[in-house]
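# Coordinate analysis (summary)
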Amino acid sequence: MRFNFDIPEPSSKEALTPPPQSRSLTPPSQSRSPSSATPANEEVEWVPLQNHPIFSNDTAAHSSNDVPKKRNLMAWDGASRLYYWDINTQSLHRISLRFGEPEPTSVLAASPTKVMRADVELNFTVDRITINRHGSALLLEGSDGIRVMYLYGSTSSKDSAVICRTVSVGSDVYFNTNNAIRTLKVLWHPYSDTHLGILSSDSVFRLYDLSVALEQPEQEYYLQPVERGRSRNASSICPVDFSFGGDHLWDRFSVFILFSDGSVYILCPVVPFGSVYKWESVLEIYNDAQTFGLKASSSKAVSNANLAISWLEATFPDLAEQAAEGGNQLALKSHPYALFDSSVSLQGPLHKVYHGKEEDLSELKVSECEGRAVSFLYKAVSKDSVLVTAFSSGQLQIDALADEIQPVWTPGNQPRLSVNSQDRIIGVAMICETHSNELSVDHDIWLGHSPPLLKLGTVDLALPGKPESGSLISSFVDPLIPERIYSVHDGGVDSIVLHFLPFTNQKNGIDDDIRAPTVQSVLSTCQVESSVSALCGFVALSDSFGCSWIVGLTSGFECIVIGMESWNLLLPARIDKEKKFGNGNLEETGDATIISKELLTGPKVVIVPPTSQNPVAADSIEGRSTLHQYFKLFHENYVEYAHKVYFELKHHGPQLKKIIDDQHARLREAQQKLAKVEEKQEKLEKRIDHVIQTHDHLEEWLLNLKNLPGIHKKPLSKAEREFKMELDRFRGLELDALHTTIEAINGRIQRYSSSPQTKKPNQRRQIAGRRKGNAEDDEISHLKSSIAKLSIVNNENTKKVKLVDSALKNRESNL
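Residues numbered from 1 in each chain as written. Predicted model: local features only at pLDDT ≥ 70, side-chain atom pairs only at ≥ 80, totals over all residues. Heavy atoms only, no water.

## Quick word on the overall build of the protein
Formally: Numbering of helices and strands runs from the N terminus; a helix is a DSSP stretch of H or I covering at least four residues, while a strand is a stretch of E covering at least two. Accessible area is worked out with a 1.4 Å probe on protein chains only. A residue is then buried under 20% of its type maximum, exposed over 50%, and partly exposed in between. The contact criterion used throughout is that any non-hydrogen atoms of two residues lie within 4.5 Å. Using the Shrake-Rupley algorithm and a 1.4 Å probe, accessible areas are obtained, with residue cover drawn only from the displayed protein chains.
A tally of helices and strands in the protein yields 12 helices and 38 strands. Sorting the 815 residues of the protein into buried and exposed places 40% on the buried side. Restricting to contacts in the protein with at least 6 residues of sequence separation, those with at least 24 account for 63%. Working note: accessible area of the protein is about 46,900 Å², and carbon and sulfur atoms make up 52% of it.

## Regarding the side chain of histidine 93
Our working rule: N or O atoms closer than or at 3.5 Å make up a polar contact, with two conditions inside protein: a donor-capable atom paired with an acceptor-capable one, and, for residues adjacent in sequence, both atoms drawn from side chains.
Mapping histidine 93 onto the fold places it in strand β4 (residues 91-99). In terms of polar contacts, histidine 93 uses its side chain to reach the side chain of threonine 113, at 2.9 Å. Excluding its chain neighbours within four sequence positions, the residues that come into contact with histidine 93 are Ile54, Leu82, Tyr83, Tyr84, Asp86, Thr113, Lys114 and Val115.

## Some thoughts on a nonpolar patch on the surface
The condition is simple: Only residues whose relative accessible area exceeds 30% and that form no salt bridge enter a patch; like-charged residues are grouped when within 9 Å of one another, and nonpolar side chains (Val, Leu, Ile, Met, Phe, Trp, Tyr) when within 5 Å. One side-chain nitrogen of Lys or Arg within 4 Å of one carboxyl oxygen of Asp or Glu is enough to make a salt bridge.
A cluster of nonpolar side chains, namely Leu698, Trp701, Leu705 and Leu708, defines an oily patch on the protein surface of about 390 Å² accessible area. Checked against the element boundaries, leucine 698 lands in helix α10 (residues 653-706). By relative accessible area, which is 45% here, leucine 698 ends up partly exposed.

## A look at the pattern of salt bridges
Under the counting rule described, the total for this entry stands at 14 salt bridges. Counted as one network, the salt bridges with shared partners bring together Asp202, Arg206 and Glu220.

## A short note on the sheet that holds strand β19 (residues 264-267)
The cut-off we apply is this: In short, DSSP must find at least two bridges between two strands for them to pair.
Pairing is antiparallel in the open sheet, where four strands are placed in the order β17-β18-β19-β23. Either end of the sheet is taken by a strand with one partner, and the two such strands are β17 (239-244) and β23 (346-347). Pairing analysis gives two bridges linking β19 to β23, with the strands arranged antiparallel. Counterpart to leucine 267 in the pairing with β23 is leucine 346.

## Observations regarding helix α4 (residues 299-315)
In plain terms, the rule: Take the number of residues in a helix, subtract one, and multiply by 1.5 Å to get its expected span. The arc in question is formed by the directions pointing from the helix axis toward the C-beta atoms.
The terminal C-alpha atoms of α4 lie 24 Å apart, and with 17 residues this matches the ideal 24 Å at 1.5 Å per residue to within 8%. Looking at α4, one finds that the buried residues are Ala301, Asn304, Ala305, Ala308, Ile309, Trp311, Leu312 and Thr315. For α4, the buried positions fall inside an angular range of 160° around the axis, keeping them on one side. Close packing links the buried residues of α4 with α3 (279-293), α5 (318-325), β21 (331-333) and β28 (409-411). With a side-chain oxygen positioned 3.3 Å from the backbone nitrogen of lysine 300, the residue opening α4 is serine 298.

## Side note on the UniProt feature "coiled-coil region" (unreviewed entry) in the protein
Defined as follows: UniProt positions are given in the numbering used here, feature names are shortened, and annotations may be inferred rather than shown by experiment.
UniProt's feature table lists "coiled-coil region" (unreviewed entry) at residues 660-694, given in the numbering used throughout. The span residues 660-694 is 100% helix and 0% strand, and its two end C-alpha atoms sit 50 Å from each other.

## Some words on the packing of aromatic side chains
Here a ring pair, both rings aromatic, is described through the centre-centre distance and the interplanar angle of the planes. Condition: A pair of aromatic rings is counted whenever rings of Phe, Tyr or Trp (Trp by its six-membered ring) have centres within 6.5 Å, and the orientation is called stacked for planes under 30 degrees apart, edge-to-face for over 60 and tilted otherwise.
If you walk through the whole model with that rule in mind, you get 21 aromatic pairs. For the ring pair tyrosine 277 and phenylalanine 316, a centre distance of 6.0 Å and an interplane angle of 90° mean the geometry is edge-to-face. Placement of the pair is tyrosine 277 in strand β20 (residues 276-278) and phenylalanine 316 in the loop between α4 and α5, with a sequence separation of 39 residues. We note that tyrosine 277, like phenylalanine 316, is buried. By the ring-pair criterion, three or more aromatic residues cluster together here, those being Tyr191, Trp250, Phe253, Tyr277, Trp311, Phe316 and Trp446.

## Section: the sheet that holds strand β7 (residues 128-131)
Rule in force here: Interaxial angles span 0 to 180 degrees and are taken between N-to-C directions of axes, which are lines fitted to C-alpha atoms, for helices over the stretch in contact.
Strand order in the open sheet made by the four strands is β7-β8-β9-β12, with antiparallel pairing throughout. Two strands bound the open sheet, and with one partner strand each, they are β7 and β12 (166-168). Within the sheet, the average angular offset between the axes of one strand and its neighbour, ignoring direction, is 25°. As paired elements, strand β9 (residues 145-150) and β12 share three bridges and run antiparallel to each other. The residue bridging methionine 149 from the neighbouring strand is threonine 166, located in β12.

## Re the pairing of strand β38 (residues 559-564)
The pairing of strand β37 (residues 548-553) with β38 spans six bridges and is classified as antiparallel. Within the sheet, the bridge partner assigned to leucine 553 lies in β38 and is cysteine 559. The hairpin formed by β37 and β38 contains five residues between the paired strands, and phenylalanine 557 there has a positive phi angle of roughly 60°.

## Points about α10
Put simply, the test is: By definition, a residue's bend is the angle between the axes fitted to the seven residues ending there and the seven starting there.
If you check α10, its first and last C-alpha atoms are 76 Å apart, about what 54 residues at 1.5 Å a residue would give, namely 80 Å. The largest bend along α10 measures about 30° and falls at glutamine 681.

## Structural notes on the environment of proline 411
Structurally, proline 411 is set in strand β28. Here proline 411 falls in the exposed class, since its relative accessible area comes to 64%. Sequence separation between proline 411 and serine 342 is 69 residues; the distance between their C-alpha atoms is 4.4 Å. If we ignore the near neighbours within four places in the chain, the residues touching proline 411 are Asp341 and Ser342.

## Digging into the pairing of strand β15 (residues 204-209)
Most of β15 is tucked away, with six of its six residues classed as buried. Where strand β14 (residues 195-200) lies against β15, five bridges are found, and the strand directions are antiparallel. If you follow isoleucine 198 over to β15, its bridge partner there is arginine 206. The turn joining β14 and β15, which pair antiparallel and follow one another in sequence, is formed by three residues; a positive phi near 60° is taken by serine 203. With four bridges connecting them, β15 and strand β16 (residues 219-224) associate as antiparallel partners.

## Section: the confidence of the model for the protein
Here is the rule: Confidence scores here are pLDDT values: one per residue, from the predictor, ranging 0 to 100.
Across the protein, pLDDT averages 78, with 75% of residues at or above 70. The lowest-confidence element of the protein is helix α7 (residues 591-594), averaging 48 in pLDDT; the highest-confidence one is β15, averaging 96. Long-range and interchain partners of residues 1-41, a stretch whose pLDDT sits below 50, account for 80 contacts in this model, where long-range means more than four residues apart.

## A short note on the nonpolar core
To keep things clear, this is the line we draw: Only buried residues count toward a nonpolar core. Its members are Ala, Val, Leu, Ile, Met, Phe, Trp, Tyr and Cys residues joined through side-chain atoms within 4.5 Å.
One finds Trp250, Phe253, Leu267 and Leu312 to be the most contacted residues of the largest nonpolar core, which totals 64 residues. Beyond its immediate chain neighbours, meaning those up to four positions away, leucine 267 contacts Tyr221, Leu223, Phe253, Ser254, Val255, Ile257, Val344, Ser345, Leu346 and Cys432. Core analysis: the second largest hydrophobic core is formed by 39 residues, Met116, Ile131, Leu140 and Val162 among them.

## Here's the deal with unusual backbone geometry
In this model, serine 111 is joined to proline 112 through a cis peptide bond whose omega is 5°. Structurally, proline 112 is set in the loop between β5 (107-111) and β6 (114-118). For the bond running from glycine 348 to proline 349, omega is -5°, close enough to zero to count as cis. Secondary-structure assignment places proline 349 in the loop between β23 and β24 (352-353). With a phi angle near 50°, glutamine 90 is a residue other than glycine that sits in the positive phi range. On the secondary structure map, glutamine 90 appears in the loop between β3 (81-86) and β4.

## Let's talk about the packing of α3 against α4
The condition that has to hold: Angle categories: roughly parallel below 35 degrees, roughly antiparallel above 145, roughly perpendicular from 65 to 115, and oblique for all the rest. Each helix crossing is assigned a hand: it is left-handed if the near helix lies turned anticlockwise from the far helix by less than a right angle, otherwise right-handed if that turn is clockwise. Under the grouping applied here, Gly and all other residues not named as nonpolar or charged are polar, the nonpolar ones being Ala, Val, Leu, Ile, Met, Phe, Trp, Tyr, Cys and Pro and the charged ones Asp, Glu, Lys and Arg.
α4 packs onto α3 with a crossing angle of 150° between their chain directions and a minimal axis gap of 9 Å. It follows from the interaxial angle that α3 and α4 lie roughly antiparallel. Once α3 is placed against α4, the crossing between them reads as left-handed. Seen from α3, the contacting residues are Val282, Ile285, Tyr286, Ala289, Gln290 and Gly293; seen from α4, they are Ala301, Val302, Ala305, Ile309, Leu312 and Glu313. Across the contact of α3 with α4, the residue classes tally to nine nonpolar, two polar and one charged.

## Regarding the environment of valine 344
Within the fold, valine 344 resides in strand β22 (residues 342-344). Taking the relative accessible area as the measure of exposure, valine 344 reaches 3% and is therefore buried. Valine 344 sits 63 residues away from proline 407 along the chain, and the two C-alpha atoms are 8.0 Å apart. Not counting chain neighbours up to four residues away, the residues in contact with valine 344 comprise Tyr221, Leu267, Cys268, Pro269, Val408, Trp409, Met430 and Cys432.

Next up, the structure:
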């Protein structure tokens, strides 16, 4: 079955453009902040939050007794401002908070509050308020309307209230007179301050961009959880709730949708146009697709990875270029994009796997709880994605994704696109059918298989007095401890702590370390079984010092503040399995064998019989009958309960005495060990002092060694070492030889010049002697010139040697 739908093509640029005053959630520069609405002469008084005047009995007296079962009139901005919607005056109170004053566990609130009112009349009753991530806008949600109040406005001169601009969202789709479509869940998108996600009863998920259009959705996803050719019960395919994914891989681009039979489906990827994401987060999944998807052995996996890469590069145009250049941006802004020949697939229903067991492929296991699914919560805890599904029977099914989410498209299913005059996409609508995903044990990635669910536990809240329609249960996350979840229901508030997370703990399936979630009742609003008192508001607060509180608003509009412990919630349970109670004669038994559960629960509540409005005398017949009935009820409940307590204590007295004696023995043993530790403490302190003194002495010794001249000498470079070797060779060998040669030549010259010249007898001998004398004169002149040159070289070398020696001595003296 397919839905026929049309997205109107805008005839001009103004077709999907709201009035100028509704184009952005950013406060205008001319508008005044709400903080300026308080008169200067008005003094602020800080009182405990639970005693604030706005939570008085006068407000409860004028309130309507017909309180809806599902209502939350309180919201927190994550910092120091609490918002409360007054249904009587149709106004919003902004309460400034102080944490840890005067005691670390106290919460103070400013009085009077800042009063904010809508600039238009609200024609419906507000049942739920939520604030966006930056605290600039508040969502007012009711069964007959949806409004967004911008928290920056102008001050009214009438009563000093802040008049805030308030706009309607989706009134043409959900709240017109000719349409019976109901809104099932409305949420702010976690990565955008201007986008709202709405799941409606017509099985359509819509995204609205408040900065562009208030009535025309930006994206529409028509959900078809049943494959063509198959049939399922019509009541089991109705959507119930949804949640956006958290900050983990592809989860941030995912939408989790819960159906009434408890089945969970995933839409991935879904990205609001213009939303902002961290650069590291997008780069991580981009590199993962290129590293593992493109290198997969299956052609189908490679094709899916190529689609994911092309989608990332088109949605974030700067991604590929920055990744290639090694850029390091802070954030990336998404651009409008959709595949022209494929639609996003509806992955699911998610099947189950179990610890240490093979997956049962013969049967699709969706839910093991009774009743119909009523609410859903997604929570990213470190490396794990936790899913909490609440059922009308009062049970919670807690699962974790056993594998990572991958984007999946259905080829051939073309979406409808709406573009403006610049061919820019301004609207997308598509039919999301379930992907043909046969259960398989093939664990290869990027094959399009839906991630399985690993069961973490099933919690039975044991709600009293369940009506025929079942209980409405809401789940909230703790802002301080991700492993803690608050469950708000008809009977009060319960705290659920997760002790085992598969990927975060890295336990590799060891059964001894797998602990089931623990449940603790925090607040009980049902004191009598025959009456039900639901909470009209709930928020979880925390400060920067590790303290947390829960704030509840009862049906009588009374505020309750409870401090929550956090330091010892995740400590592992240390159980001495070798040691038994007592001396070994008494085995370990639970509280049920010591005292029965019937006695622990206390006496049954006495239901007082109805009486007439007119008072009766005690000595009259009616009065005696009434007193007799009262005494009978008292005897049946309290007297019998006292007899049971007496019998139980008398019967278990010896056993309790043995347990007490064993506890005293263990206490004495612990005291002896503490005494031994105290005796050793003095010795340990002396040893520590000695170690500190030795350390100081070694540090002083090290400083003295650093001050030695040889420590700071720097080694010569290669050129300096070669030049020094050459100088040493001249100084040790050649200079001495040159000095000897020069001295010998000088001696020969002196001897030759001092010897007399003999005359020759004849002319020939004179000529010969003259020629010989000329030759000798030439040789002598040559020797003289050589000696002069050698002496010059010698003088230069001597100067160089002296210069180098002086430089080396200066360096050594400086060091």
